[in-house]
Amino acid sequence: MARDRISYGATDPSLSDRLLYPHVFRTVQSSHTHNMVIIELLKYFGWTWVGILVSDDDAGENELQILTKYMRENGICAAFTIKLTEENSLQRYIQRMKNSRDPMSPSYYFTDQGEALHPYKIINWIFIKEARSEDIKMTAVGNFTPWAVSGEKLYINPQSITWRHSQEIPVSRCSDPCLPGSRKKPGETIHICCYDCAPCSEGEISNITDADNCIQCESDEWPNEERDRCLPKVIEFISYQNDPMASVFSCLSLFGCLVTSSIFTIFISYRDTPIVKANNRNLSYLLLVSIFLSFLSVFLFLGRPSDVTCRLRETSFGVFFSVAVSSLLAKTVMVCVAFKSTKPGSPWRRWLSVKLPYTIVLLCSSIQVVLCVIWLSISPPFQDLDTQSSPGKIIIQCNEGSDICFYSMLGYMGLLAAGSFLLAFMVRTLPDSFNEAKYITFSMLLFCSVWISMIPAYLSTRGKYMVAVEIFAVMASSAGLLGCVFFPKCFTILFRYEMNTKIDLLRK
């Protein structure tokens, strides 16, 4: 029968293997425990660049391997290693240190590895130099209790420590610590304790000293200037509360609506005069209503976008402008038909009916309406949160849904404008009283210029400035139609009223 054996000095860690040595017990702890106490002490003082003194024998080599293993696991490096021998001198201090290792109290129990647990004293060694000798004063400054809960095993009283040169804790590091907002970057040496500090990359933070890696902020957060904490991103859209652009665009839109309403009132008041009746006054009313709605649609672009406003804003101005341009196309066609029908027996006389302009407007506008209905049915615009385009911002914007449908709507509107421009340009010199073709030519030229320049500007901007470009295009083209087509007529009605008579028309 095997007998249990108790050792009073064996520290070889291999004796902890219960399969090989099931009956061996010892009243001292293995080298693993000793070195763990040393590691905790180094971590307490923040020392990562230390020297190691061991005996030049097998036991010393074994302890060196165990200690360096623990040091690597805790980010502590050995600046040098000295192996001590008997000859070594430090032997329109080491011996004295070993002899002074004294447990605080007797063992309490044996562990599963057959080791007796006992606490350790932390001794402060004070070297006192006298005239012919050197003495050592030892003061207990703390203790290590292996069976205590994690975080409470090591206790140090820093006020009772006497340092060699000053009362400040000595610094034993290979590199300066990396402050929060930066991370450790491997240096040129093989020691992990020797490193450089690199600032955290864009969108990342570190909130501890000597961080190995930076932390990525959440998609709705962004680092502060120091990059040591994440802050909520700024939400960006054209807001009524704190954005001057919203106030400017609102005032301009209301002013455009007011001017359009005033012109509409003038045309209603002078509806029986030749200049208003020329080229179908009902088309002029329809054109003014569509321009008014275009100015009013600007408010769909302001404020925080939603799915409803996104769908209305992208389709409304397309339909409104299609009605406006179709009305101008119908006016231009009526000028051409009126001139052709003046010749006796001309077949163009049968086209001089009230149905022709309305048919043109209805047909051309219906195509745009169908395109918008298909767009809303297949892939409608929706509210989108853009967290990538602009650092530190969450851009609340409207996503067009289907780019093909969006550019098809713009393309058809441009096709109508181009057709109206070409036809108006060809008939601008026809001898007709109150011929609107030359004014329509200028209005379509301005209209096409605005929207052609808008597309590259729209694609090259982000966030609320993209919306601002779209608003500017809507307001500029609406103002262009209103100014080029109706301002000359209003000037004649209000200030050259003698020209707005039937007698003057017959004389011409």
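Procedures and definitions
- Residues numbered from 1 in each chain as written.
- Predicted model: local features only at pLDDT ≥ 70, side-chain atom pairs only at ≥ 80, totals over all residues.
- Heavy atoms only, no water.
- UniProt positions renumbered as here; feature names shortened; annotations may be inferred.
- Pairing = 2+ DSSP bridges.
- Helix = DSSP H or I, 4+ residues; strand = E, 2+ residues; numbered from the N terminus.
- Axes fitted to C-alpha atoms, helices over the stretch in contact; angles between N-to-C directions.
- Salt bridge = Lys/Arg side-chain N within 4 Å of Asp/Glu carboxyl O.
- Buried < 20%, exposed > 50% of the residue type's maximum accessible area, 1.4 Å probe, protein only.

- The chain goes by G-protein coupled receptors family 3 profile domain-containing protein in an unreviewed UniProt entry, where it is assigned to Engystomops pustulosus.
- According to the UniProt record, the Subcellular location (unreviewed entry) comment for the chain reads "Cell membrane".

**Here we look at the pairing of strand β15 (residues 382–386)**
Reasoning step 1: Summarising the sheet, β15 and strand β16 (residues 393–399) pair through five bridges and their orientation is antiparallel. Residue pairing in the sheet places aspartate 384 in a bridge with glutamine 397 of β16.
Reasoning step 2: Counting the residues in the hairpin turn of β15 and β16 gives six residues, including glycine 392, whose phi is positive at 80°.

**Topic: the pairing of strand β4 (residues 77–84)**
Reasoning step 1: By the bridge criterion, seven bridges tie strand β3 (residues 49–55) to β4 in an arrangement that is parallel. Note that in β4 the partner of glycine 51 across the bridge is phenylalanine 80.

**Looking at the UniProt feature "transmembrane region" (unreviewed entry) in the chain**
Reasoning step 1: Here the UniProt-annotated "transmembrane region" (unreviewed entry) positions come out as residues 245–270, 282–303, 315–339, 360–378, 409–427, 439–459 and 465–487.
Reasoning step 2: Taken end to end, residues 439–459 has its terminal C-alpha atoms 31 Å apart, with 100% of it in helix and 0% in strand.
Reasoning step 3: Helix makes up 100% of residues 465–487 and strand 0%. Its end C-alpha atoms lie 31 Å apart.

**A few points about the sheet that holds β16**
Reasoning step 1: Pairing within the open sheet is mixed, and its three strands lie in the order β14-β16-β15. At either end of the open sheet lies a strand with only one pairing partner, and these are β14 (234–236) and β15. Strand-to-strand twist across the sheet, computed as the mean angle between neighbouring axes with direction ignored, equals 25°.
Reasoning step 2: Pairing between β14 and β16: three bridges, direction parallel. From the neighbouring strand, isoleucine 235 faces β16, where its bridge partner is isoleucine 394.

**Quick notes on the pattern of salt bridges**
Reasoning step 1: Taken as a whole and assessed by the stated rule, the structure comprises eight salt bridges.
Reasoning step 2: Between glutamate 40 and lysine 43 there is a salt bridge whose closest N-O contact spans 3.9 Å. Here the residue glutamate 40 and the residue lysine 43 both occupy positions in helix α1 (residues 31–45), the gap between them amounting to three residues, near one helical turn.
Reasoning step 3: For glutamate 40, a relative accessible area of 28% corresponds to the partly exposed category.
Reasoning step 4: The salt bridge partner of lysine 69 is glutamate 73, with a shortest N-O separation of 2.9 Å. Remark: glutamate 73 and lysine 69 occur in helix α2 (residues 58–73); sequence separation between them is four residues, near one turn of the helix.
Reasoning step 5: Judged by relative accessible area, which is 38%, lysine 69 ranks as partly exposed.
Reasoning step 6: For glutamate 73, a relative accessible area of 52% gives the class exposed.

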